[in-house]
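Structure at a glance
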Amino acid sequence: MIETPLLWTLLVSLVSFVAILRRWLNPLHSIKTVGPSAPLLSYIGAYRFLSDAQEMLREGYTKFKGSTFKIAMMDQWIVVVNGPAMVEELRSYPDEKVSFMHAVAELIQPKYTLGVEVYKDPYHITLVRERLTRNLGNLLPEVIDELDIAMKEYIPTQGNEWVSVPGLSVMQHVVARITNRIFVGAPKCRDLDYLDLAINFTTNVIQSRAILSLFPAFMKPIIGFFLRSAQQSSKRAMRHLQPIFEEREKKVQEFGEDWLEKPNDMLMWLMDEARGKPQMLEAVVKRILMLNFAAIHSSASSVTHALYHLAENPEIAPLLRGEMETVIAEHGWSKNAFGKMWKLDSFMKESQRFNGLNGMAVVRVVLDNMTLSDGTRIPSGTIVAAGATTLHRDEDLYENPETFDPLRFHKMWEEGTGIKHGFASTRADYIAFGRGRHACPGRFYAEHELKAILTYVVLNFDIKFDNEPTRPKNKWIASTIVPAQHAKILFRRRR
């Protein structure tokens, strides 16, 4: 009879052998790693990624350009592809092979935040891509009107005095106001509690996802049960939107689906799309929250990045102002006018290239074991993404990539190829909005919103930093890039 100590020794050895064998047989093991890759030690790399993602992505791009590497997160690995050719390869795979929606589910965990229904039936994305984009010209007057009201409220300049405001916070509120003028209309877009909900909902979702990432898959349902912030946000939004919803539904019943003064906004489009579906009110409200999640912080960060460049480089504003004045004199504050502001478009795209919103883009989940053209084998269930900031700082793609050049893309407009290189364009060497079928559907609205804000600022204000000798550094939170959160900007109204 085998003695107990020996039995335990044999059992532990067998378990260890099986674990080691499984690790060696996993295709992920053969992919080069930035950071430790051994069991348990990989958590050191995951912790480093939270605070030093920029350097880890740069290291991976430098060492494995044109190929792949992997980085540890707390609950899984991410495989990063590098370079334009790999970007094109990744975006070319069909949805049955690599899935964008599965990537959304992994990164947002809708099962524990907004519910799977929003994820499984994303008709709000179609409305953004088609209805919102088609209506840009019609909606711009409302955008400009709300912009004027919001800027006078949040930047209350008087006479020749300088007024100091927190740049990022003010832009979050301005963008939230403008965006929700288009989403839910006035006066709800000015409701302080509603605005607080719209702005902070994103933070709640990200915090919930961060907490979930600390636990293995089998524990996520248990932890998710106690993460109630997203559900509470949904109930709070319901209290705000239900009266508007019921009033509009009453008019639909009374006058039909096309009454004379029917609102032309996202809430109404969602109601028309959801009519007849189960739990219509809840479905509409959750999608409004989801759209705010996608729109506010990305646009607010983008415009704040640009404002910081204007504050640091006072010579840029006069370059842009002359073009703005000429174009507006001829076309007014219109979609056509913003389409002709080539210098502004170049400045915005250069700001996006130089700063970015995330160190990675074109994020997908592999649904079937696959082998890339460089021989990298990736197992099903793995998250794959392209390095974005590293691509945008590649000296083989951009001349002097570490230098901010506001007119870098302007000459392409003069040569007649500007549309291919415009702010909202997607290319293998510019993936700020993603690439392929699942590129950001709201990027054309975001382009016009940002152009409206920056045109308003350049024409109406002089700006500079308040007690900042140079532009403060961006903050990286894992791969997310945020402009300096506490930097203040001085505004003075131009005569």
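Worth saying up front: this structure is predicted, and the values here are computed from it rather than measured. Per-chain numbering applies: the sequence of each chain, read as written, is numbered from 1 onward. Only residues with pLDDT of at least 70 get local features here, since the model is predicted, and only at 80 or more are side-chain atom pairs given and counted; chain-wide, interface and lining totals rely on the full set of residues. Based on all heavy atoms of the structure, the side-chain values leave hydrogens and waters out of the count.

1. A look at the sheet that holds strand β9 (residues 461-465)
The strands that make up a sheet pair up through hydrogen bonds in the backbone, lying either parallel or antiparallel. Here, a strand pair is defined by DSSP locating no fewer than two bridges between the strands. Helix and strand assignments follow DSSP, with helices taken as H or I runs no shorter than four residues and strands as E runs no shorter than two, numbered in order from the N terminus. The sheet built from 3 strands is open, its strands ordered β4-β12-β9 with antiparallel pairing. In this open sheet, the two strands that pair with only one neighbour each are β4 (163-166) and β9. Direction aside, the axes of adjacent strands within the sheet are offset by 30° on average. Pairing of β4 with strand β12 (residues 488-493) involves 4 bridges; the strand directions are antiparallel. What sits directly across from V165, in β12, is I489. Contact between two residues is taken to exist if any of their heavy atoms lie within 4.5 Å; hydrogens are not considered. Note on definitions: angles span 0 to 180 degrees between N-to-C directions of axes, and those axes are lines fitted to C-alpha atoms, for helices only across the stretch in contact. Seen against the sheet, helix α13 (residues 280-312) touches β9 and β12 and runs at an angle of roughly 85° to β9. Across the sheet, helix α19 (residues 443-460) is in contact with β9 and β12; its angle to β9 comes to roughly 95°.

2. A few points about the UniProt feature "binding site: heme" (unreviewed entry) in the protein
UniProt positions are given in the numbering used here, feature names are shortened, and annotations may be inferred rather than shown by experiment. This chain's UniProt record puts "binding site: heme" (unreviewed entry) on C440. Mapped onto the secondary structure, C440 falls in the loop between α18 (410-414) and α19. Per-residue accessibility, obtained with a 1.4 Å probe over protein chains only, is compared with the maximum for each type, and a residue is labelled buried under 20%, exposed over 50%, and partly exposed between these values. For C440, a relative accessible area of 30% puts it in the partly exposed group.

3. Concerning empty space enclosed by the protein
Think of a 1 Å grid over just the protein atoms. A cavity is a set of points where a 1.4 Å probe fits yet cannot get out, a pocket is an open set with protein on both sides within 12 Å along at least five of seven lines, and lining residues have an atom within 4 Å of a point. Grid points are joined across faces, edges and corners, and a volume is the space filled by probe spheres set on the points. Across all of its chains, the model carries 2 cavities of 30 Å³ or more by this definition. By volume, the largest cavity is sized at about 50 Å³. Elements supplying a minimum of two residues to the lining of the largest cavity: α13, α16 (342-354) and α19. In this structure, the second largest cavity spans a volume of roughly 30 Å³. What lines the second largest cavity is L90, R91, Y93, D95, V98, R364, R435, G436, R437 and H438. Side-chain classes follow a simple rule in which Ala, Val, Leu, Ile, Met, Phe, Trp, Tyr, Cys and Pro form the nonpolar group, Asp, Glu, Lys and Arg form the charged group, and the remainder, Gly included, forms the polar group. Class assignment of the residues belonging to the lining of the second largest cavity gives a composition of 3 nonpolar, 2 polar and 5 charged.

4. Digging into the layout of surface pockets
The volume enclosed by the second largest pocket comes to roughly 1000 Å³. In terms of lining, the second largest pocket is formed by 36 residues, of which the most central are M74, D75, Q76, W77 and A217. Among the elements of the structure, α2 (42-63), β1 (68-72), α4 (100-108) and α5 (116-120) are those that each provide at least two residues to the lining of the second largest pocket. Ranked by the residues each element gives to the lining of the second largest pocket, the list is headed by α4, at 3 residues. Classifying every residue of the lining of the second largest pocket by side-chain character gives 20 nonpolar, 10 polar and 6 charged.

5. Quick notes on the packing of helix α11 (residues 229-255) against helix α12 (residues 266-274)
α12 packs onto α11 with a crossing angle of 60° between their chain directions and a minimal axis gap of 11 Å. With respect to α12, the axis of α11 lies oblique. Considering how the two elements wind past one another, α11 and α12 form a crossing that is right-handed. On α12, the residues that touch I244, F245, R248, E249 and V252 of α11 are L267, M268 and M271. Among the residues making up the contact of α11 with α12, the classes are represented as 6 nonpolar, no polar and 2 charged. These descriptions rest on fixed angle ranges, namely under 35 degrees for roughly parallel, over 145 for roughly antiparallel, 65 to 115 for roughly perpendicular, and the rest for oblique. In this scheme the crossing of two helices becomes right-handed for a clockwise turn of the near helix relative to the far one and left-handed for an anticlockwise turn of less than a right angle.

6. Observations concerning the side chain of R435
Position of R435 among the secondary structure elements: in the loop between α18 and α19. Any N or O atom pair separated by 3.5 Å or less is treated as a polar contact, with the protein-specific requirement of one donor-capable and one acceptor-capable atom, and with residues adjacent in sequence counted only for side-chain atom pairs. Here E88 takes part through its side chain, which lies 2.8 Å from a polar atom of the side chain of R435. Contact partners of R435, with chain neighbours within four places excluded, come to V87, E88, R91, V362, R364, T426, R427 and A428.

7. As for the pairing of β1
Where burial is concerned, most of β1 is hidden: 5 out of the 5 residues are buried. Both faces of β1 are covered, namely the face carrying T68, K70 and A72 and the face carrying F69 and I71. Sheet topology note: the β1/strand β2 (residues 77-81) ladder contains 5 bridges and is antiparallel. Within β2, the residue paired with T68 across the bridge is V81. Between the end of β1 and the start of β2, which pair antiparallel, lie 4 residues.

8. Some points on a nonpolar patch on the surface
Excluding any residue in a salt bridge, patches collect residues exceeding 30% relative accessible area, merging like charges within 9 Å and nonpolar Val, Leu, Ile, Met, Phe, Trp and Tyr side chains within 5 Å. Here, Shrake-Rupley sampling with a 1.4 Å probe gives the accessible areas, and only protein chains in the shown set may cover a residue. When a carboxyl oxygen of Asp or Glu lies within 4 Å of a side-chain nitrogen of Lys or Arg, that pair is called a salt bridge. Nonpolar side chains collect at one region of the surface, where I222, F225 and F226 lie side by side and expose about 380 Å² of accessible area between them. Turning to its location among the elements, I222 is positioned in helix α10 (residues 220-226).

9. Brief notes about the environment of L291
As for its position among the elements, L291 is in helix α13. Ignoring anything within four residues of it in the chain, the contact list for L291 reads H124, V128, F183, M266 and L270.

10. A word on the packing of aromatic side chains
A pair of Phe, Tyr and Trp rings is counted when the ring centres sit within 6.5 Å of each other, with Trp represented by its six-membered ring. The angle between the planes then sorts it: under 30 degrees is stacked, over 60 is edge-to-face, the rest tilted. The full count for this structure, using the stated rule, is 10 aromatic pairs. When the ring of F201 is compared with that of F293, the centres are 6.4 Å apart and the planes differ by 75°; the resulting orientation is edge-to-face. Of this pair, F201 sits in helix α9 (residues 192-212) while F293 sits in helix α13, and the two are 92 residues apart along the sequence. Since its relative accessible area comes to 1%, F201 is described here as buried. On the basis of relative accessible area, F293 is assigned to the buried category, the value being 19%.

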